[in-house]
Amino acid sequence: MEQSLLSFISTLRQHDVRISTSETLDALNAAAVVGYADQSLLRQSLAATLTKTHADKERFERCFELFFNARGESAQSTSPQDKSAPSPAAGEFSLPDAVASDPDVAAAMDAPLVRAATEGRPSTLAVAIQEAADEMQLEGIRFNTQKGIYRRRLAEAAGIGQLDKAIEALKAIESDSLEGPIEWLEQRRHELDMAARDAVEHQLLLNANAAGRSIQQQALRNTRLSALEHYHLKQLPPLIRALAKKLATRHRQRRRIDRRGKLDMAKTLRRNIAYGGVPFHTYWKQKRRDQPKLYVLCDVSGSVSTYARFLLLFLYSMSEVMPRIRSFVFTSQVFEVSELFDRNPAEQAVEIVNQRWARGSSDYGSSFKQFADEHRGRIDRNTTVIILGDGRANSADPGLEDLRDIYHRAKLLLWFNPEPRSHWNTGDSEIRRYQSACHYVAECNSLAKLERLLDRLLTILR
Amino acid sequence: MQQSTASSAVNEFIDGFARAGYIASEAIATTVFLAQQLQRPILVEGPPGVGKTELAKATAEHCALPLVRLQCYEGLDESKALYDWKYSKQLLYSQVLKEQLHDILQGVQGLSESVERLKSFGDIFYSDEFLEPRPLLKALREPQGAVLLIDEIDKSDYEFESLLLEILSDFQVSIPEIGTVAAVTKPTVILTSNNTRDLSDALKRRCLHLYIDFPDRALETRIVQSRVPEIPAALSKQLVGFIQQVRELDLKKAPAVSETLDWARALLLLHAGSLSRELVESTLNVILKFEEDIQLVRPEIRELLKGLD
């Protein structure tokens, strides 16, 4: 039973329920305490130990239903009380003594599975399937195309070969009186085969959705943003939001104790007992938020239009979860969109930005000049500036001087380039020159890369 | 056999909670039972007012253990949650003892000898005598064990969560000056959260998780009848039905169980026999706490009452 509990847990994991080893141990202990007989008690115990959010709980209920009910049915039909229940084509199995004493037949009949079947324990077949499934790790099945091979392997592992041998041995004797027993054995063989098929299909049903989805998401994350088809667009926002939220939680702002605010009497006295209560060292109660400032400039001109949408979506999600971001878009002029993002839902905000500003070709020179003039005073050692753009200045002034000015003032100036590295410095790309005025220029054209970059960035910012 | 003892233990919890005035679902009782068996804390989540805090009180009453409560808020730190030194007492003693110092050191020659002499008195200032236990330490020191309620953990800072980890997994705290204090009897720990922020995975991993949602109609009727037994059965059925429907509307704050009970008591005071439109309209502010919500529900009252029949 522990084995099925473990494979149940791995099924849950495939359905995006995060379960750690210690939770697995808890679940095993809980199951040991409440026992396996009362299903609702077991379900509630497992739910309490394995799931830690409300959403997980719903997934849990679904999986539990699928997983244990199918097993439960087969387990029930194997319980000894059901032996009397009439199973189709059951009936007694008997061989004439003369045949039974034939050495070949006797050997074949002595195989454990055949013996179990002939001695009137049909339930053994189902048990054999279940055991074989656990042993061969049937839960590894992922795709419809694997069905055939898993079914065959499962049937073999359960011992279908033993039945085949018995049938062959009987057929070799060629006697009319054996037709009945042969047919009986073939019936059992068929039942075993069907049971294997059911088990495989059931497991596939349990796995398919989860596996399909996680593979698709994996693929989405690694696909070049520009190459994504239109029908994928719908799936991206939740993915991006999850990513931004993950980053924000991991890099939550710290507070630090500062030498301001109210005197912490208790602490001051306590720490100064050694000096007879004379306050040599003072301690303060006030906590100050230690907040990094983040400015993000996103190019929305024609040349990056395919990426801009995703960059904007990401920018939007970031500003949702990190309060101190100021977001800007630019083509030939810089526009702040922080407020727009605050007021509008994601899709709509991106749409508005695209309609209002995403026109014409980029002019980095005038954009950087404007940005530097307007925000120079606010950029300090606590500020990080990120520029999202391809660095194609259309042979105009790249605005390097202004960028360098920002570079000197800011803690970090980063450039995320959506173009593949092989395209850099070709044509009108000025990215090499920009490299001299940036702390770091990175290639960033898939969500996976974006996540890695930002994760590292946020670690540095702390 | 093992299973029958488990389910009977769960039923015992349900009965015990009922005696304490808390109508628990099977899921709730199972989780509390497991928590005591596995010695794990319970993290209770759910909308406000579904009886998360009440669960801790009922558990304490049923198990006849003292309830130690720690209310979390932003800025809560170890000196308020765990322990503190009685610094003024320490200070006072150090002044008083200064005069004793002369007697103690009588006949001692040289500095090293006096240090030696003082050493033999041990570390008196950082001992139990001067330790002020706060709720967490208090719960660990209860000889019979206790029910420790850590209320609204989501209101506390991120750092405080980390502080709790040692207590939640090993039922012990480390005090630098003294050492590790382990629980005399492991307490039953119940944490509640309104989900205003995500708790860390490390914390969640250590806890059993229990989600308490608004009760269904039958359960809520039982709760009303147990807490406000004077109310006529017909009226309680009506008012629970009404509340259940109101919860379906898009409200800023859906009425919680505690508001249902308040309303039941209010209607009882008004000697109401059944719900009428005027009565509901005049007492709507008992169950709804936002003006917008009241505006939204008021025109619907007639429809909602019709839905009761």
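Each chain carries its own residue numbering, running from 1 in the direction its sequence is written. Chain A is the first chain written and ligand 1 is the first ligand written, with later ones labelled in order. Totals for whole chains, interfaces and linings use every residue, but because this is a predicted model, local features are given only for residues with pLDDT of at least 70 and side-chain atom pairs only at 80 or more, for both listing and counting.

**Details of the overall build of chain B**
- Counting its regular elements, chain B contains 15 helices and 9 strands.
- Exposure classification rests on a simple neighbour count of other C-beta atoms within 10 Å of a residue's own: a residue reaching 20 or more is buried, one at 12 or fewer is exposed, and one in between is partly exposed. C-beta atoms are placed from the backbone. Considering chain B as a whole, with its 309 residues, one finds that 33% of them fall into the buried category.
- Looking at chain B alone, contacts between residues at least 24 apart form 77% of all its contacts between residues at least 6 apart. Segments assigned H or I by DSSP are reported as helices when at least four residues long, segments assigned E as strands when at least two residues long, and all are numbered from the N terminus. Residue pairs qualify as contacts under a 7 Å threshold applied to their C-beta atoms, which are placed from the backbone.

**Remarks on the overall build of chain A**
- Within chain A, the secondary structure is distributed over 20 helices and 8 strands.
- Counting all 462 residues of chain A, 32% fall into the buried class.

**Examining helix 8 (residues 158-170) of chain B**
Residues and elements named next belong to chain B.
- We define the bend at each residue as the angle formed by axes fitted to the 7 residues ending at it and the 7 residues starting at it. The principal kink in helix 8, of about 30 degrees, is found at Leu164.
- Turning to helix 8, its buried residues are Phe160, Leu164, Ile167 and Leu168.
- Positive phi shows up at Phe171, right after helix 8, with a value of about 55 degrees.

**Some thoughts on the packing of helix 12 (residues 257-269) of chain B against helix 13 (residues 277-287) of chain B**
Residue and element names in this part refer to chain B.
- Packing of helix 12 against helix 13 leaves a shortest axis separation of 9 Å and a crossing angle of 140 degrees. Accordingly, the angle class assigned to the pair helix 12 and helix 13 is oblique. In this structure, helix 12 meets helix 13 at a crossing whose hand is right-handed. Between helix 12 and helix 13, the residues in contact are Glu259, Asp262, Trp263, Ala266 and Leu267 and Thr283, Val286 and Ile287, respectively.
- Each residue is assigned to one of three groups, with Ala, Val, Leu, Ile, Met, Phe, Trp, Tyr, Cys and Pro labelled nonpolar, Asp, Glu, Lys and Arg labelled charged, and all others, Gly among them, labelled polar. Classifying every residue of the contact of helix 12 with helix 13 gives 5 nonpolar, 1 polar and 2 charged. Note on method: axes are straight lines fitted to C-alpha atoms, helices fitted across the in-contact stretch only, with angles between N-to-C directions ranging 0 to 180 degrees. Every angle not falling under 35 degrees, over 145, or within 65 to 115 is termed oblique; those three ranges are roughly parallel, roughly antiparallel and roughly perpendicular. Note on convention: near helix rotated counterclockwise from far helix by under a right angle means a left-handed crossing. Clockwise means right-handed.

**What to know about the sheet that holds strand 1 (residues 42-45) of chain B**
Residue and element names in this part refer to chain B.
- By definition, two strands form a pair when at least two bridges between them are found by DSSP. Spatially, 2-5-8-1-9 is the arrangement adopted by the 5 strands of the open sheet, whose pairing is parallel. Across the chains shown, the open sheet's two edge strands, defined by having one partner strand only, are strand 2 (67-71) and strand 9 (208-211). Adjacent strand axes in the sheet meet at a mean angle of 20 degrees, parallel and antiparallel pairs treated alike.
- Pairing geometry for strand 2 and strand 5 (residues 147-151), over 5 bridges, is parallel. Bridging across to strand 5, Gln71 finds its partner in Asp151.

**Here's the deal with the packing of helix 3 (residues 39-50) of chain A against helix 2 (residues 26-38) of chain B**
- One way to put it is that helix 3 of chain A packs onto helix 2 of chain B with a least axis distance of 9 Å and a crossing angle of 65 degrees. Where helix 3 of chain A crosses over helix 2 of chain B, the two elements pack in a sense that is right-handed. Across the interface between the two elements, Ser40, Leu41, Gln44, Ser45 and Ala48 of chain A from helix 3 of chain A touch Glu26, Ala27, Thr30, Thr31 and Leu34 of chain B from helix 2 of chain B.
- Of the residues belonging to the contact of helix 3 of chain A with helix 2 of chain B, the class tally is 4 nonpolar, 5 polar and 1 charged.

**Section: the interface of chain B and chain A**
- Residue-level contacts link 29 residues of chain B with 29 residues of chain A.
- At 7 residues, helix 2 of chain B tops the list of elements feeding residues into the side of chain B that touches chain A.
- Of the residues in the side of chain B that touches chain A, the class split is 12 nonpolar, 10 polar and 7 charged.

**Focus: the sheet that holds strand 4 (residues 325-330) of chain A**
All names here are of chain A.
- Spatially, 6 strands are ordered 5-4-3-6-7-8 in an open sheet, and the strand pairing comes out mixed. A single partner strand is all that each edge strand has here, and the edge strands are strand 5 (334-336) and strand 8 (440-443). Strand-to-strand twist across the sheet, computed as the mean angle between neighbouring axes with direction ignored, equals 20 degrees.
- Where strand 3 (residues 293-299) meets strand 6 (residues 383-388), 6 bridges bridge the pair, whose relative direction is parallel. In the strand pairing of strand 6, Lys293 is matched with Thr383.
- Lying over the sheet, helix 17 (residues 364-375) contacts strand 3, strand 4 and strand 5, oriented at roughly 45 degrees with respect to strand 5.

**Description of unusual backbone geometry**
Residues and elements named next belong to chain B.
- Positive phi outside glycine occurs at Gln39, with the angle close to 55 degrees.
- With respect to the helices, strands and loops of the structure, Gln39 is situated in the loop between helix 2 and strand 1.
- Exposure remark for Gln39: the 14 C-beta atoms within 10 Å place this residue in the partly exposed category.

**Some points on the environment of Val200 of chain A**
Residue and element names in this part refer to chain A.
- Take Val200: it is sitting in helix 11 (residues 179-222).
- Val200 gets classed as buried once you count the C-beta atoms within 10 Å, which come to 24.
- Separated by 67 residues in the primary sequence, Val200 and Ala133 have C-alpha atoms spaced 8.6 Å apart.

**Details of the environment of Leu140 of chain B**
Residues and elements named next belong to chain B.
- Its location among the elements puts Leu140 in helix 7 (residues 135-141).
- Between the alpha carbons of Leu140 and Val184 there is a distance of 6.3 Å; along the sequence they are 44 residues apart.
- With residues near it in sequence (within four places) discarded, Leu140 still touches Phe171, Val173, Val181, Ala183 and Pro187.

**Overview of the nonpolar core**
- Counting residues in each nonpolar core, the largest one holds 88 residues, and the members touching the most others are Ala29, Ile42, Leu136, Ile190, Leu191 and Leu210 of chain B.
- Looking at this core, the element that brings in the most residues is helix 2 of chain B, giving 7 residues.
- The contacts of Ile42 of chain B, once residues within four sequence positions are left out, are Thr31, Val32, Ala35, Ile190, Leu191, Cys207, Leu208 and Leu210 of chain B.
- What we call a nonpolar core is a set of buried Ala, Val, Leu, Ile, Met, Phe, Trp, Tyr and Cys residues whose membership is set by joining through C-beta atoms within 7 Å. Counting residues in hydrophobic clusters, the runner-up holds 54 residues, among them Leu297, Leu312, Tyr316 and Ile406 of chain A.

**A closer look at the pairing of strand 8 (residues 188-193) of chain B**
All names here are of chain B.
- Taken across its 6 residues, strand 8 has 6 buried, putting it largely inside the fold.
- Of the two faces of strand 8, the one lined by Thr188, Ile190 and Thr192 and the one lined by Val189, Leu191 and Ser193 are each fully buried.
- Pairing of strand 1 with strand 8 involves 4 bridges; the strand directions are parallel. Bridge pairing in strand 8 places Glu45 opposite Ser193.

**Notes on helix 3 (residues 52-63) of chain B**
Residues and elements named next belong to chain B.
- To estimate the expected span of a helix, count its residues, drop one, and scale the result by 1.5 Å. With 12 residues, helix 3 extends 17 Å from end C-alpha to end C-alpha; this agrees with the ideal 16 Å at 1.5 Å per step.
- Burial in helix 3 covers these residues: Lys52, Glu54, Leu55, Ala56, Ala58, Thr59, Ala60 and His62.
- Phi for Ala64, located one or two positions after helix 3, is positive at around 55 degrees.

**Focus: the environment of Leu178 of chain A**
Residues and elements named next belong to chain A.
- Note on placement: Leu178 falls in the loop between helix 10 (160-173) and helix 11.
- Each C-alpha atom, one on Leu178 and one on Val99, is 8.8 Å from the other, the two residues being 79 residues apart in sequence.
- Beyond its immediate stretch of four places on either side in the chain, Leu178 contacts Val99, Leu170 and Ile173.

**Here we look at the pairing of strand 6 (residues 172-175) of chain B**
- Here strand 6 of chain B runs beside strand 7 (residues 179-182) of chain B; their pairing, made up of 4 bridges, is antiparallel. Bridge assignment links Ser174 of chain B to a residue of strand 7 of chain B, and that residue is Thr180 of chain B.

**Side note on the confidence of the model for chain B**
- For chain B, per-residue confidence averages 86 on the pLDDT scale, and 97% of positions sit at 70 or higher.
- Model confidence for the complex: the whole-complex pTM is 0.60, and ipTM, which rates the interface, is 0.73. Confidence scores labelled pLDDT are given residue by residue by the predictor and lie between 0 and 100.

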